[in-house]
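Commentary on secondary and tertiary structure
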Amino acid sequence: MKKFIFLTFITISVIITHKSYAVDISAGLTGWYAWGEQYNVQTGKVPNSLIESDPSLLCGPALSAKFSDDFNLTFVLLYGEFNAQKDDGAKREEAKFTRIDSDLALNYRLNNYLKVFGGLKYLSYGIVPYNEFQNFILKKINPHKSFGAGLGLSATIPITGNLFGLATLSGLYLFGNDSFVTGDMWSLTPVLHDVKLAYNEYGFNSNISVAYYISDISTVISLGWRFQYPNSGL
């Protein structure tokens, strides 16, 4: 089985900076208004299923620690709930699922405009179930989970005064897994089977936003757009 998912986001964040000893600490909130699609591709007689999610808000903390003019560490954790519609060509079903999206990155400043960064990423999202899996009935399905690394480049572009543009592009390589429980379709006393699948996942992240720095209260407000496309394969 393969799964594909891409998510598009409108993002907004508010970051407040506080200097503590030799480290600049920034803490704030970030929110993503997101929608996306999943594809469950099955072997055998089960057709491909398209799962579309309604737009929903993910939100959570955004933290940063600046150790020097060249190095800083950032952490973002997002959580949200989605309503989804599954369409396999024969019938349409609705379901709900949650999503967790977390990034930890170390950034290195190349010059006044460019940074290179690398770090870790964790994803967890519910999978809308399908009713049949060849000769089995799906009894329970757990959230898909992925953990891995990313590497990318970010740019800061001054526009005017305290207004500037931000852009990032990164590649992702994750190790994902699914687990679910099935029962025999034709048995009067179904025997349950625990099924686990592992994936090597790759994809990319891109983000474009405009940010404004309010110097009187040391606060940055940004608004932008993000596109994420992990691709999962056996």
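Conventions and cut-offs
- Residues numbered from 1 in each chain as written.
- Predicted model: local features only at pLDDT ≥ 70, side-chain atom pairs only at ≥ 80, totals over all residues.
- Heavy atoms only, no water.
- Helix = DSSP H or I, 4+ residues; strand = E, 2+ residues; numbered from the N terminus.
- Buried < 20%, exposed > 50% of the residue type's maximum accessible area, 1.4 Å probe, protein only.
- Contact = heavy atoms within 4.5 Å.
- Patch = residues over 30% accessible without salt bridge, like charges linked within 9 Å, V, L, I, M, F, W, Y side chains within 5 Å.
- Areas by Shrake-Rupley, 256 points an atom, 1.4 Å probe, with all protein chains shown as cover.
- Salt bridge = Lys/Arg side-chain N within 4 Å of Asp/Glu carboxyl O.
- Phe/Tyr/Trp six-rings, centres within 6.5 Å; stacked < 30°, edge-to-face > 60°.
- Core = buried A, V, L, I, M, F, W, Y, C linked by side-chain atoms within 4.5 Å.
- Polar contact = N/O pair within 3.5 Å; in protein donor to acceptor, adjacent residues only side chain to side chain.
- pLDDT = per-residue confidence, 0-100.

Each helix and strand in the chain was counted, giving zero helices and 12 strands. Secondary structure elements of the chain occur, N-terminal to C-terminal, as β-β-β-β-β-β-β-β-β-β-β-β. Classification of the 234 residues of the chain by burial places 39% in the buried group. A separation threshold of at least 6 residues defines the contact pool for the chain, and within that pool the share at least 24 residues apart is 62%.

So, about a nonpolar patch on the surface. Taken together, Phe67, Phe71, Leu73, Leu104, Leu106, Tyr108, Leu110, Tyr113, Leu114, Leu120, Phe147 and Leu153 make up a surface patch of nonpolar side chains, about 1,100 Å² in accessible area. Those elements that provide at least two residues to the nonpolar patch are β4 (71–87), β5 (92–109), β6 (114–125) and β9 (144–160). Ranked by residue count, the leading element in the nonpolar patch is β5, at three residues. The residue Tyr108 is located in strand β5 in this model. What makes Tyr108 partly exposed here is its relative accessible area of 34%.

With that settled, the discussion passes to the side chain of Ser206. Looking at the element boundaries, Ser206 is found in strand β11 (residues 192–214). If we skip the residues at most four places from it in the chain, Ser206 touches Thr168, Leu169, Trp225, Arg226 and Phe227.

Moving on: the pattern of salt bridges. The full count for this structure, using the stated rule, is four salt bridges. Between Lys121 and Asp101 there is a salt bridge, with the nearest N and O atoms lying 2.7 Å from each other. Taken together, the residues Lys121 in strand β6 and Asp101 in strand β5 connect sequence positions 20 residues apart. By relative accessible area, Lys121 is classed as buried at 1%. For Asp101, a relative accessible area of 0% corresponds to the buried category.

With that settled, the discussion passes to the environment of Phe147. Summarising the element assignment, Phe147 is placed in strand β9. Filtering out sequence-adjacent residues up to four positions away, Phe147 remains in contact with Leu120, Lys121, Tyr122, Leu174 and Phe175.

Once the C-alpha coordinates of Tyr108 and Asn72 are considered, the two residues, 36 residues apart in sequence, prove to be 6.9 Å apart. Non-local contacts of Tyr108, meaning those with residues more than four positions away in its chain, are made with Asp70, Phe71, Leu114, Lys115 and Val116.

Below, the discussion takes up the packing of aromatic side chains. What the rule picks out here adds up to six aromatic pairs. Geometrically, the ring pair formed by Tyr33 and Trp35 is edge-to-face, given 6.4 Å between the ring centres and 70 degrees between the ring planes. An aromatic cluster is present here, built from Phe204, Trp225 and Phe227 joined pairwise through their rings.

Listed in full, the nine residues of the largest apolar core are Trp32, Ala34, Ile51, Leu58, Leu78, Phe82, Ala84, Phe97 and Tyr125. Where this core is concerned, the elements lending two or more residues are β2 (23–41), β3 (49–66) and β4. Top contributing element to this core by residue count: β4, with three residues.

In most cases, non-glycine residues show a negative phi, while peptide bonds are predominantly trans. The backbone phi angle of Ser218 is positive, close to 50 degrees, even though this residue is not glycine. Its place among the elements puts Ser218 in the loop between β11 and β12 (219–233). Residue classification places Ser218 among the partly exposed residues on the basis of a relative accessible area of 24%.

Here we come to the side chain of Arg99. Here Arg99 shows up in strand β5. At 3.0 Å, the side chain of Arg99 and the side chain of Asp101 are in polar contact.

This part is about the confidence of the model for the chain. Predicted confidence across the chain gives a mean pLDDT of 79, with 74% of residues reaching 70 or more. Looking over the chain, one finds the lowest element-wise mean pLDDT in strand β7 (residues 132–133), namely 46, and the highest in β6, namely 94. Here residues 43–47 is modelled with pLDDT under 50, and outside its nearest four sequence neighbours on either side it reaches seven contacts, counting other chains as well.

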